[in-house]
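Notes for the structure review
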Amino acid sequence: MVKLPAALRIAALSAAATCISGVALAAEEGGLPQISQVDTYASQIFWLFVTFGLLYIVMSRVALPRIGDVIEERRDKIDDDLMRAETIRSEAEDVLAEYEKALSVAREEALGIQQKTSDEVKAKMDERHEAFSQELAERTREAEERIAAAKSEALKDLASVASETAAATTDKLVGFTPDSKAVDKAVQAEMKERL
Amino acid sequence: MATQDTQDGGFPVDPLHQFEITPLIPINIGGLDLSFTNSALWMLITVGVISLFMIAAMRHHELVPGRLQNCAELLYETIANMVRDNVGSEGRQYFPFIFSLFLFVLFGNLLGMIPSSFTFTSHLAVTFTMAIIIFIAVTIIGFARHGLGYCRMFFPHGAPAWTAVILVPIELISYLSRPISLSMRLFANMMAGHILLKVFAGFVLLMGVAGVVPLAALLGITALEFLVAVLQAYIFTILTCVYLHDAIHMH
């Protein structure tokens, strides 16, 4: 049920107290007009019916339908707008999904291209590396051969030079020329031992 | 000074004079006095003010409401919610009546606050007529919806059968006293408030310079009376909704 606020209860109490004094006053002068003016009851009730009936007709026929229509119209409009917004939102989401899909495809493609290029570069690099190292090995071997040849040549010359030097030295020191064959033999033996 | 106006009782104002009904245009139909009185005039003014307000507010009926239209829509929504919450969806068809009732009582109370106007809601004949019509209508709706089953209203559901001896008379009395309490509440509140204002006004006149004290009180009481005017209209309407709910749903 309806609960009256405390302030109102106090007000009602004080009002009731005043009311009693008012009634007491009224008793001296012939009662409350609300009660004593019995002859006006019919008129009050009659005009209540007339005026309230008029109000009811104006409200129910004119005022309330208008307000109801406006509120309904507004609600429809808002619902309509909301629905449109929803449609547009879902459309935007579709577009976004499409965009993201395209983006991921492009990314994959780019990744593929990058992979391929790097593979190609690596293959080419490997190839060149291989060719270069082969060439390098070849040159090394050639050089080594050349060095070996030079070395053996030098050694051969060295032996004859040594023999001649030994013979000449002996000749100068002792005054006797040794047998060249014996010198060669001795130099050979000495070189074998030293080198 | 003020005492010059003093009547034989010694009090400068008669607090009950404001409730006197005086005929403005005497009308007599079939021996029945249906004169157009100050009470009838203020009823007519009330209806006129409400109608003008509502029609002016909805003149343009725009989708984005202006100030006045917003007020009208606020009133509409308030009462629509009250009916929906208290009566339910079946209450929809009674909405125009409830709305008219609320505005009639509200504006009747508020216009009665204009000095030297007349408050027709401070008359028992008016409030009781409204209450008894609501009572009869609610009872008819109850019987039309539930047939004789509506009599179960007078016996709480689930109570032991033998308690009927006590409960049925109590419920019956409480049901029958509804129009009395409904009409008395409004009538007594409005009358008491207006008497209070007049009595304090009398004190102001009597006390001369010291009259500022009751004058200050008068200011507060006037503010309170505006609150009471709105609140009593609300209570009268919401109780009507509650009675309607009982008739439709039976507790």
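Along every chain, residues carry numbers that run from 1 in the direction the sequence is written. Here the convention is simple: chains get letters from A, ligands get numbers from 1, in the order in which they are written. Where totals are concerned, whole chains, interfaces and linings use all residues; where local detail is concerned, this predicted model gives features only for residues with pLDDT of at least 70, and gives and counts side-chain atom pairs only at 80 or more. Hydrogens and water molecules were not included; the side-chain quantities draw on all heavy atoms of the structure.

Quick look at the packing of helix H2 (residues 67–86) of chain B against helix H3 (residues 95–111) of chain B now. Residues and elements named next belong to chain B. Lines are fitted to the C-alpha atoms to define the axes, a helix being fitted only along its stretch in contact, and any angle between axes, read from their N-to-C directions, falls within 0 to 180 degrees. Strands are runs of DSSP state E lasting at least two residues, helices are runs of H or I lasting at least four, and both sets are numbered from the N terminus onward. Direction vectors running N to C along H2 and H3 enclose 120°, while the axes themselves pass 10 Å from each other. Comparing their axes, H3 and H2 come out oblique. Remark: the crossing between H2 and H3 carries right-handed chirality. On the side of H2, the interface is formed by Leu75, Tyr76, Ile79, Ala80 and Val83, while H3 contributes Phe95, Ile98, Phe99, Phe102 and Leu103. Looking at the contact of H2 with H3 residue by residue, the classes come out as ten nonpolar, no polar and no charged. Oblique is the label for any angle not covered by the other classes, which are roughly parallel (under 35 degrees), roughly antiparallel (over 145) and roughly perpendicular (65 to 115). By the definition used in this description, the sense in which the near helix is turned from the far one sets the handedness, with an anticlockwise turn below a right angle giving left-handed and a clockwise turn giving right-handed. Contacts are assigned to residue pairs with any non-hydrogen atoms lying within 4.5 Å of each other. Polar here means any residue outside two lists: the nonpolar Ala, Val, Leu, Ile, Met, Phe, Trp, Tyr, Cys and Pro, and the charged Asp, Glu, Lys and Arg; Gly therefore counts as polar.

By salt bridge we mean one thing: a side-chain nitrogen of Lys or Arg within 4 Å of a carboxyl oxygen of Asp or Glu. Under the defined criterion, the tally for this structure stands at six salt bridges over all chains. A salt bridge links Arg139(A) to Glu135(A), with the shortest nitrogen-to-oxygen separation between them at 2.9 Å. Separated by four residues within a single helix, Arg139(A) and Glu135(A) lie in helix H3 (residues 41–174), roughly one turn from each other. In this structure, Arg178(B) and Asp246(B) form a salt bridge, with 2.7 Å as the shortest nitrogen-oxygen distance. Here Arg178(B), found in helix H6 (residues 178–206), pairs with Asp246(B), found in helix H7 (residues 212–249); they are 68 residues apart in sequence, far enough to count as distant. To sort residues, take the accessible area from a 1.4 Å probe on protein chains only and compare it with the maximum for the residue type: under 20% means buried, over 50% means exposed, and anything in between is partly exposed. The class for Arg178(B) is buried, based on a relative accessible area of 13%. Three or more residues are tied together by salt bridges with common partners; here these are Glu86(A), Arg89(A) and Glu93(A).

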